[in-house]
Amino acid sequence: MGLCQRWQLLRLPGLQVCGLHTAAVPTLPHWLAERLGLFEELWAAQVKRLASMAQKEPRTIKISLPGGQKVDAVAWNTTPYQLAQKISSTLADTAVAAQVNGEFYDLERPLETDSDLRFLTFDSPEGKAVFWHSSTHVLGAAAEQFLGAVLCRGPSTERGFYHDFFLGKDRTIRGSELPALEQICQELAAAAKPFRRLEASQDQLRQLFKAEYARRGFSEVKTPTLFSTKLWEQSGHWEHYREDMFALQPPGSDRPASSRSDHPTRLPTDTLALKPMNCPAHCLMFAHRPRSWRELPLRLADFGALHRAEASGGLGGLTRLWCFQQDDAHIFCAPDQLEAEIRSCLDFLRSVYAVLGFSFHLALSTRPSGFLGDPCLWDQAEQVLQQALEEFGEPWDLNSGDGAFYGPKIDVHLHDALGRPHQCGTIQLDFQLPLRFDLQFKGSGVLNQPEQERDPVSTINRKKLIGQLIYREKISQAWWCMPVVPATQEAEAQQSLQAAGLASDLDADSGLTLSRKVRRAQLAHYNFQFVVGQKEQSKRTVNIRTRDNRQLGEWDLTEAVQRLVELQNTRVPNAEEVF
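Residues numbered from 1 in each chain as written. Predicted model: local features only at pLDDT ≥ 70, side-chain atom pairs only at ≥ 80, totals over all residues. Heavy atoms only, no water.

Q: Run through the packing of helix H4 (residues 125–147) against helix H5 (residues 178–191), naming residues and quoting values.
A: At a closest axis distance of 9 Å, the pairing of H4 and H5 adopts a crossing angle of 125°. Classified by the angle their axes make, H4 and H5 are oblique. Between H4 and H5 lies a crossing of right-handed hand. Packed against H4, whose contacting residues are Val138, Leu139, Ala142, Ala143, Phe146 and Leu147, the element H5 presents Ala180, Leu181, Ile184, Cys185 and Leu188 at the interface. Considered class by class, the residues forming the contact of H4 with H5 number 11 nonpolar, no polar and no charged. (Axes fitted to C-alpha atoms, helices over the stretch in contact; angles between N-to-C directions. Helix = DSSP H or I, 4+ residues; strand = E, 2+ residues; numbered from the N terminus. Parallel < 35°, antiparallel > 145°, perpendicular 65-115°, else oblique. Left-handed = near helix turned anticlockwise from the far one by under 90°. Contact = heavy atoms within 4.5 Å. Nonpolar A, V, L, I, M, F, W, Y, C, P; charged D, E, K, R; others polar.)

In structure tokens, the structure reads:
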């Protein structure tokens, strides 16, 4: 692609916002403009936050360079590039990235704490990997704006890089488009556009997920939490799923509160049930007015709370709960659109999991013993899913008899840090609900029934997703998800932590010695423990320990809290090691 030249101002990969060949594309696609606008908004907030931290905390830190040399720097202010300039202009011009305490760093990213610093050039294997990976982002930016491409996988290789794109059904990059695409990449390289590293909160990432849904043609909807049990009877869930639903008895009823073992087959007409899934509500939304074939596929995304009365023995951690939220969506499409929609769902799955660093394994779950509907329809649906899996190119297994009662599904399995498998999402094909709700669309002068495809982004189940993020990182590294505990009867440390927005617990059990409190905190897997005895209390200091009993020494309380805020804001994966 002609990208072998070195870009002097190359930065570590990140989301890129830059002007491209606008003559070929006069206006940006609406989804891209929305995403870039959100990025600029989040970027401005990050710049403001970092500037405020640099102003409030002009702390001197020690930087160890290769060869044993040590230099002073200012936390949240000094960058690796500034230090490279002080060493030599040649190093500053040839470095493509830095390695700080073993972590890849953008040359313009401010240093935060005492660090071992190493500069990476194109001559090193790590520098080549950074350079080629950055090159994929240049190619991806060009493909998005020039071709309207959906970006898939874009890794570096030993000799360069490549990028997979999705351009829609039966569409590939034509040979005649390659020169223009290469020219745009060369213009980007010559302009030395910066790569920008953005850190976002969970709420901000949720916005990005919603933007990704919008980019793929989904409309966000909100549906009620309570529905009449008549709805669940019509959908078939009451017959097959009522043991896992919470039902609310009508006022004045003499029946006890609902439980898993206390669900009658029929309930009074005014009985309500908490929704365990969104599909019947989305069917009502589809059916509320006449639909034309021109509206299909209709893609609806719902981020609301769901409730399921799981057996107490099946509850566990963050992955199986009575109440949770999931990025849940449904696609209503014509039969001839089904294969393309499933392929798009699989691509959506791969792109989202790639961003989060997950590897996954797929399984096709087929007709169970208590299925609904015509066996011939089941056979057809299973063939469609199998064909999509084979074209997707990732390994998959056959899981006979484990499909949902209303249709077959593709299950997505992740593995945690202990190697345990977890089923984290599904792409389900439901051809029963369109029949049960008499869903129709008008096409070619006749009424037809659409297919309903459920959970197109592999049910990005937020409770399981966050759980897997923590379990994959072996919990101890996820400091920004975990609280701190001051193991003392003195509450000032806890008050300081809470004032800084840090979660904390106070062990004020007067029946335990200080050493017993420390041990209890370690067994409870608190990342950090603030130990305050009489000496520390008089000096307004804290002795800090980690969950693995590393003693970090005595710190001023204010400085210790500030340091934890730094680590939380930067989402470092090894907070206990770099504290």
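Q: A description of the sheet that holds strand E3 (residues 95–100) should follow, citing residues and the corresponding values.
A: Spatial ordering of the open sheet is given by E2-E1-E5-E3-E4, a layout of 5 strands whose pairing is mixed. A single partner strand is all that each edge strand has here, and the edge strands are strand E2 (70–74) and strand E4 (103–105). Recorded for the sheet is a direction-independent mean angle of 40° between the axes of neighbouring strands. Direction of pairing for strand E1 (residues 60–64) relative to strand E5 (residues 115–121): parallel, over a ladder of 2 bridges. Across the sheet, the residue bridging to serine 64 is aspartate 116, located in E5. Here helix H2 (residues 80–87) sits on the sheet in contact with E1, E2, E3 and E5, set at roughly 75° to E5. (Pairing = 2+ DSSP bridges.)

Q: Describe the environment of alanine 84, naming the residues involved and giving the relevant values.
A: Tracing the sequence through the fold places alanine 84 in helix H2. Judged by relative accessible area, which is 1%, alanine 84 ranks as buried. A sequence separation of 34 residues divides alanine 84 from arginine 118, and the C-alpha atoms of the two residues are 9.9 Å apart. (Buried < 20%, exposed > 50% of the residue type's maximum accessible area, 1.4 Å probe, protein only.)

Q: Give a description of the pairing of strand E26 (residues 551–556) that names residues and reports values.
A: Along a regular strand, successive side chains alternate from one face of the sheet to the other. The pairing of strand E25 (residues 541–546) with E26 spans 5 bridges and is antiparallel. When the bridges of E26 are listed, valine 542 appears paired with tryptophan 555. If you look at the hairpin formed by E25 and E26, you'll find 4 residues sitting between the two strands, and asparagine 549 has a positive phi there, around 70°.

Q: Explain helix H15 (residues 514–523) to me, using residue names and the numbers behind them.
A: Here H15 has its buried residues at Lys517, Val518, Ala521 and Gln522. Within H15, the buried residues cover an arc of 140° as seen down the axis, which keeps them to one side. Opposite the packed face of H15, turned more than 90 degrees from it, sit the exposed residues Ser515, Arg516 and Leu523. Backbone geometry just downstream of H15 places histidine 525 in the positive-phi region, at approximately 65°. (Arc of directions from axis to C-beta.)

Q: Describe the nonpolar core, naming the residues involved and giving the relevant values.
A: Counting residues in each nonpolar core, the largest one holds 33 residues, and the members touching the most others are Ile342, Leu346, Tyr353, Phe360, Leu362 and Ile410. At the level of secondary structure, the elements contributing two or more residues to this core comprise helix H6 (202–215), strand E14 (323–333), helix H10 (338–356), strand E15 (361–365), helix H11 (375–392), strand E17 (409–415) and strand E18 (421–430). Per-element tally for this core: the top contributor is H10, with 8 residues. Among the nonpolar cores identified, the runner-up in size contains 23 residues, and Met277, Cys283, Ala334 and Leu439 belong to it. (Core = buried A, V, L, I, M, F, W, Y, C linked by side-chain atoms within 4.5 Å.)

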